[in-house]
Amino acid sequence: MKEKKTSPDQPATTETTQTPKKKKLYDIEFYHDWCKACGICIAFCPRHIIIADKNGKPGIEDPDKCIGCRFCEMHCPDFAITVCDRQPRRRKDDI
Amino acid sequence: MTIPAQAIRHKYLRHNKKFPHVWCPGCGNGIVMAALLRAIYRMELSKDEIVLASGIGCSSRMPTYTDFNTLHTTHGRALTFATGLKLAKPSLNVVTIMGDGDATAIGGNHFIHAARRNLNLTAIIVNNSIYGMTGGQYSPTTPFGSKSTTSLYGHIEHDFSIAELAVTAGASFVARATVYHAALMDKLIEQAMRKRGFAVVEVISNCHVQYGRRNKLGGAVEMLKTYRDNAVTVKKAEKLSAEELAGKITIGVLTDREMPISTEEYKKVRQRANEAEGEL
């Protein structure tokens, strides 16, 4: 069952990763339960892509613009940010 | 080498402790803790080989959250407990975490004599220029003229530099970083832990709640920005005059020298004593 689900998505993802012009993509995850909304990640992001929500906690609108410098991950005092290389999507319901 | 943040979080943090931790939003202690964990991850030490000792203070809450052999001791006495540990079991990698008040006020004597003795210890001193936990009283590193709860109209005493004190007291490795320079900080902590001899890493940290608020320095973001703008590397600082260096923070390795370690010297003394006894 699993193989059937992945097969339609598989060729599309391999094409995007193999093309040489395509830049490396990253995913940022914010763990809002540990976040205290200090605003360090929002203020120091070199691409200014981290944006505060109504509680002052960070969110990201366009993760494709992330350059993977990991400044936010290293300077988060609350261990609430994870930056990781984008993994190819395996299933249709993958976020 | 990029270090996966999840690995550090899952491997080294005590998840039965209440997270998020007690520190204020944006406090530099969390950044120092992350840097320390990254340094330990790089060194590939097992958790049983490391002892984290601390005194009392905001930064000394750090061992509570980390899953090593930890020791939360009395105020200013982190280094004395660490000395005992090191003498009893020299194979352990002992790291002490102290605040500026902890290390240089109440534990000032212990600090200079630990540096003089040159035991194989690592001391990380988080310098936030104030006693944060007890309500913002001035500490030995509070700058002249700045305000705190015990110096409402400006501080009348002069501060001193912890790193330079450690150099003079005879520590074999002394380095300084700020919380803005987190990548540099974990490299310095790693170097300090690898160093054989007393190694001190002074980390300039922000206390925007007790210190920054009273002195109108802004919040965590503004204080980190001032560290970014005022930091000078050791190489650059050599070219600058004393006047240009006023108000700047010199970061990097200040001293790195080879000196005999007291635990090893003690072994030699015991050997010599045994031989002398045998001759009699």
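Just so it is clear, the model here is predicted, and its values are computed rather than measured. (Residues numbered from 1 in each chain as written. Chains lettered and ligands numbered in written order. Predicted model: local features only at pLDDT ≥ 70, side-chain atom pairs only at ≥ 80, totals over all residues. Heavy atoms only, no water.)

Student: What should I look at first to understand the interface of chain B and chain A in this one?
Tutor: Of the residues lining the interface, 32 residues belong to chain B; the matching set on chain A comes to 18 residues. The contact between chain B and chain A buries some 2100 Å² in all, and 70% of this surface belongs to carbon and sulfur atoms. Sorting the residues of chain B by area buried against chain A places B:Arg9, B:Pro20 and B:Val221 first, and these three jointly supply 23% of that buried surface. Linking chain B to chain A there are 0 salt bridges. Counting every contact that joins chain B to chain A gives 9 residue pairs in polar contact (both at pLDDT 80 or more). Only α1 (5–12), α2 (28–43), α8 (182–194) and α10 (220–230) of chain B provide two or more residues apiece to the side of chain B that touches chain A. Looking at which element gives the most residues to the side of chain B that touches chain A, the answer is α2(B), with 6 residues. (Contact = heavy atoms within 4.5 Å. Buried area = accessible area lost by both parts, 1.4 Å probe. Salt bridge = Lys/Arg side-chain N within 4 Å of Asp/Glu carboxyl O. Polar contact = N/O pair within 3.5 Å; in protein donor to acceptor, adjacent residues only side chain to side chain. Helix = DSSP H or I, 4+ residues; strand = E, 2+ residues; numbered from the N terminus.)

Student: Is there a simple way to explain α2(B) in this structure?
Tutor: All names here are of chain B. Taking 1.5 Å per residue, 16 residues should reach 22 Å; α2 reaches 23 Å between its end C-alpha atoms and fits that length. Taken across its 16 residues, α2 has 15 buried, putting it largely inside the fold. Positive phi appears at Glu44, one or two residues downstream of α2, with a value of about 55 degrees. (Expected span 1.5 Å × (residues − 1). Buried < 20%, exposed > 50% of the residue type's maximum accessible area, 1.4 Å probe, protein only.)

Student: Please explain the pattern of salt bridges as it appears in this structure.
Tutor: Pairing of side chains with opposite charge becomes possible as their charged atoms draw close. For the structure shown, the criterion picks out 18 salt bridges over all chains. The closest approach of N and O atoms between A:Asp64 and A:Arg86, which form a salt bridge, is 2.9 Å. Here A:Asp64 is found in the loop between β3 (58–60) and α4 (71–75), whereas its partner A:Arg86 is found in the segment after β4 (81–85), with 22 residues between them in sequence. Because the salt bridges share partners, they merge into one network encompassing B:Arg38, B:Arg42, B:Asp186, B:Glu190 and B:Arg194.

Student: Explain the packing of aromatic side chains to me, please; I cannot follow it from the model alone.
Tutor: Note on aromatic pairs: each is described by the distance of the centres and the angle between the planes. Taken as a whole and judged by the stated rule, the model has 9 aromatic pairs over all chains. An angle of 35 degrees between the planes, with centres 5.6 Å apart, marks the rings of A:Phe44 and A:Phe71 as tilted. One end of the pair, A:Phe44, is in helix α3 (residues 40–44); the other, A:Phe71, is in helix α4, and 27 residues separate them in sequence. For the pair B:Tyr12 and B:Phe68, a centre-to-centre distance of 5.4 Å together with 35 degrees between the ring planes defines the contact as tilted. Residue B:Tyr12 is located in helix α1, and its partner B:Phe68 is located in the loop between α3 (62–65) and β2 (69–72); the two are separated by 56 residues in the primary sequence. Residue class for B:Tyr12 comes out buried when judged on its relative accessible area of 0%. Grouped by ring-pair contacts, the aromatic residues A:Tyr31, A:Trp34, B:Phe19, B:Trp23 and B:Tyr65 constitute a single cluster. (Phe/Tyr/Trp six-rings, centres within 6.5 Å; stacked < 30°, edge-to-face > 60°.)

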